[in-house]
Amino acid sequence: MQKELLEKTKSHYDDFPFIEGGTNRITWWREYLRDFLPDQEIDDRLIIDVGSGVGEISRGLIDRGARLLCLDISLRSLLRCRQINQSAQVIHGSALELPFPNDSFDHAISIGVLHHTPDCRRGFHEVSRVTAPGGTIVIFLYNYWSIYNLIYHTFNPVLKKIQLNRIPCWVLRLLQPFVKSHLGQRLNDEQLRNLLGDKLWTPQATFHSISEVREWGLEVGLTLVSIRKFFLSYANVFRFVKQGLHNEFYRREMILKCLKCGNFPMIRHHLGYTCGQCGHIYSLDGGIINCISS
Ligand SMILES: C[S@@+](CC[C@H](N)C(=O)[O-])C[C@H]1O[C@@H](n2cnc3c(N)ncnc32)[C@H](O)[C@@H]1O
Ligand SMILES: [Zn+2]
């Protein structure tokens, strides 16, 4: 059941990758995240963007000096992400099973992703697991107490029966005023369709209250430092810090963990990475490491 939902989500975002807003969106997110991750805390630090999509949010962090690892379940999104973030490491994988040992990253972000997985809490715990003590975790999740919760559950079952591709462009364009006030920019027809797909056609969207998410944090030693409401409160942006001391002098590099047997580090070679214990190979195709377990 979970696997089926994961597959559906993967194919949804391969068909309709999340929006690309270009320079405007990159700049907007670059500035927005400054309050969560100040310059001095990210310079030369290794940050994972779980569910990076095409990587516009990662791009802002890279521009501010961070080293990024972008992971997503949609290969099509990642192919674009590689172009937008040439210095990032790019991994095709799932947020529910991150192919890294504990404490691998200085910080982690996951913006608008975990609520699209079959198990949001598990994804949250995975992000926490791979973040080092003292690291910051920024998570954007749909708000349980929002009108959007009602809208999604009312329209999604009906709309699922209509192909998103069939929605005429004139209908999409009716969204433009909403998009302008939400994103501060207009989008072309293709991007409008992708946005609508994410908001109403996506196979899975779950909604979470602040107290629920705070509780998930407490379960794994995360302190909730701040929360910001996002556009009309349809989502909350959480800033957690993982308890423990941050080792400022340690320069982290990506370490891959075998999803089959848990062994790490993997052995790197020209075709990708091989597990020294079980022999499983994670191929490197066009610069993207394939960690989707089969
Ligand atoms: C709304 S988009 C957000 C993309 C990006 N964070 C941004 O804000 O531009 C949701 C993303 O989550 C990805 N996603 C959904 N389920 C996932 C999973 N289980 N593991 C990794 N990524 C997933 C989708 O492929 C999609 O790129
Ligand atoms: Zn192995």
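Preceding block: the structure.
The following paragraphs examine the structure supplied in this document. (Residues numbered from 1 in each chain as written. Chains lettered and ligands numbered in written order. Predicted model: local features only at pLDDT ≥ 70, side-chain atom pairs only at ≥ 80, totals over all residues.)

**Re the site of ligand 1**
Selection rule: In this analysis, residues qualify as near a molecule or strand once their C-beta atom, positioned from backbone atoms, comes within 6 Å of it. Under the DSSP-based scheme used, a helix requires at least four consecutive residues in state H or I and a strand at least two consecutive residues in state E, with every element numbered from the N terminus. Polarity classes work like this: nonpolar for Ala, Val, Leu, Ile, Met, Phe, Trp, Tyr, Cys and Pro, charged for Asp, Glu, Lys and Arg, and polar for all others, with Gly in that last group.
Within the structure, ligand 1 sits among 22 residues, and Tyr-13, Phe-18, Gly-51, Gly-53 and Ser-74 are positioned closest to it. Of all the secondary-structure elements, those providing two or more residues to the shell around ligand 1 are helix H1 (2-15) and helix H4 (56-63). Tallied by class, residues from the shell around ligand 1 come to 9 nonpolar, 10 polar and 3 charged.

**A look at the pairing of strand E1 (residues 46-50)**
The criterion, for reference: Neighbour density around each residue's C-beta defines its exposure: 20 or more other C-beta atoms within 10 Å make it buried, 12 or fewer make it exposed, and counts between make it partly exposed, where C-beta atoms are placed from the backbone. Crossover handedness is defined by viewing with both strands directed away from the observer: a clockwise path from the first strand over the helix to the second marks the crossover as right-handed. When DSSP locates at least two bridges between a pair of strands, those strands are taken to pair.
Across the 5 residues that make up E1, a large majority, 5, are buried. Because side chains alternate across E1, one face comprises the buried residues Leu-46, Ile-48 and Val-50, and the other comprises Ile-47 and Asp-49, equally buried. Considered for its hand, the β-α-β crossover made up of E1, H4 and strand E2 (residues 67-72) is right-handed. As defined by bridge partners, E1 adjoins strand E4 (residues 107-111) across 3 bridges and the pair is classed as parallel. In the sheet register, Ile-47 faces E4, and the bridge partner there is His-107.

**Re H1**
Quick reminder of the rule: Every helix has an expected span of 1.5 Å times one less than the residues it contains. Regarding the arc, it is the one traced by the directions from the helix axis to the C-beta atoms. Residue pairs are scored as contacts if the distance between their C-beta atoms, which are placed from the backbone, is within 7 Å.
Helix length check: H1 (14 residues) gives 20 Å between terminal C-alpha atoms against 20 Å at 1.5 Å per residue, within 8%. Restricting attention to buried positions, one finds in H1 the residues Leu-6, His-12 and Tyr-13. All buried residues of H1 project into a common sector of 125 degrees when viewed along the axis, lining one side. Turned more than 90 degrees off the buried face of H1, the exposed positions are Lys-3, Glu-4 and Glu-7. Considering only its buried residues, H1 is in contact with helix H5 (75-84) and helix H10 (189-201).

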